[in-house]
Amino acid sequence: MDTMVNMQLPKGVEWTAHCLVVLEQLGSTRQLTSAGLAGVYGLSPTYLNKHLQKLAAHGLVVSAPGQAGGFALARPAGEITLADVVDALDGRGPIFCCTEIRCQGLFKERAAEIKASGPCRIAAAMRDAEDAWRASLSSVSITDLAAGVDDHSRWQLSEFVNHQHSQGGQRS
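In this text the structure is predicted, and so the values were computed from the model without any measurement. (Residues numbered from 1 in each chain as written. Predicted model: local features only at pLDDT ≥ 70, side-chain atom pairs only at ≥ 80, totals over all residues. Heavy atoms only, no water.)

(A) Examining the overall build of the protein more closely. When helices and strands are counted, the protein shows eight helices and four strands. Listing every helix and strand of the protein by position from the N terminus yields α-β-α-α-β-β-α-α-α-α-α-β. By the compact-globule yardstick of 16 Å for 172 residues, the protein is too spread out, its C-alpha radius of gyration being 21 Å. On the principal axes, the C-alpha backbone points of the protein span a range of 75 × 30 × 25 Å. The buried share of the protein, taken over its 172 residues, is 34%. Taking contacts inside the protein between residues at least 6 apart in sequence as the whole, the part at least 24 apart equals 66%. Here the protein contributes 15 positively and 17 negatively charged side chains, and the mean placements of these two sets differ by 7 Å. (Helix = DSSP H or I, 4+ residues; strand = E, 2+ residues; numbered from the N terminus. Rg over C-alpha atoms; globule rule 2.2 N^0.38 Å. Buried < 20%, exposed > 50% of the residue type's maximum accessible area, 1.4 Å probe, protein only. Contact = heavy atoms within 4.5 Å. Lys, Arg positive; Asp, Glu negative; His and termini not counted. Charge placed at Lys NZ, Arg CZ, Asp CG, Glu CD.)

Structural data, given as structure tokens:
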């Protein structure tokens, strides 16, 4: 029986990319707690915080602990790409792993000859596709993503952050 592998990225990639856009809009001098960031999108604060900690470990955000703490971008948003987010949360390992089935079963006796003929073309095509995908992600910065946020959403975010600040959930 054939099994199909689901090659989806973790939810945290989407969640943290959106949170980085929020942090870009706050500017470099303001922080927002993980609970505050989770509140923007109605996400689980605990689950989001785990992902934000991974971003901090990879130098994408800085984290200040405690009641007065929160998250802020670690460097300019134009220097943080979607590839950085994927790498921080999902690693740099290959998406496709060739198991050389071209050298098994009916072709087992010719395995050495087949391998000597060159790399598996399927593996090569998958590697090329992955390289193109990673290059595409590397060309999209958080600044690029933030440029697509409409004025009404910016206003809503500003109001939310101001409310969080008055409640003690955001720090300047």
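(B) Quick look at the environment of Ala35. Tracing the backbone through its elements, the reader meets Ala35 in helix 2 (residues 34-41). Given the relative accessible area of 45%, Ala35 is considered partly exposed. Along the backbone, Ala35 and Glu159 are 124 residues apart, and their C-alpha atoms lie at a distance of 16 Å.

(C) Looking closely at the layout of surface pockets. When its volume is computed, the largest pocket comes out at roughly 290 Å³. Looking at the lining of the largest pocket, the elements with two or more residues in it are helix 1 (11-26), helix 2 and helix 8 (151-167). Broken down by element, the residue count for the lining of the largest pocket peaks at five residues, all from helix 1. Of the residues in the lining of the largest pocket, the class split is ten nonpolar, four polar and no charged. (1 Å grid on protein atoms, 1.4 Å probe; cavity = no way out; pocket = protein on both sides within 12 Å on 5 of 7 lines; lining within 4 Å. Points joined across faces, edges and corners; volume = space filled by probe spheres on them. Nonpolar A, V, L, I, M, F, W, Y, C, P; charged D, E, K, R; others polar.)

(D) Here's a closer look at the nonpolar core. Formed by 33 residues in total, the largest nonpolar core has its most connected members in Leu20, Leu23, Leu32, Leu37, Leu48, Leu52 and Leu55. With nine residues, the single largest contributor to this core is helix 1. Sequence-distant contacts of Leu20, that is, excluding residues within four places in its chain, are made with Leu55, Val61, Leu73, Ile80, Val85 and Ile142. (Core = buried A, V, L, I, M, F, W, Y, C linked by side-chain atoms within 4.5 Å.)

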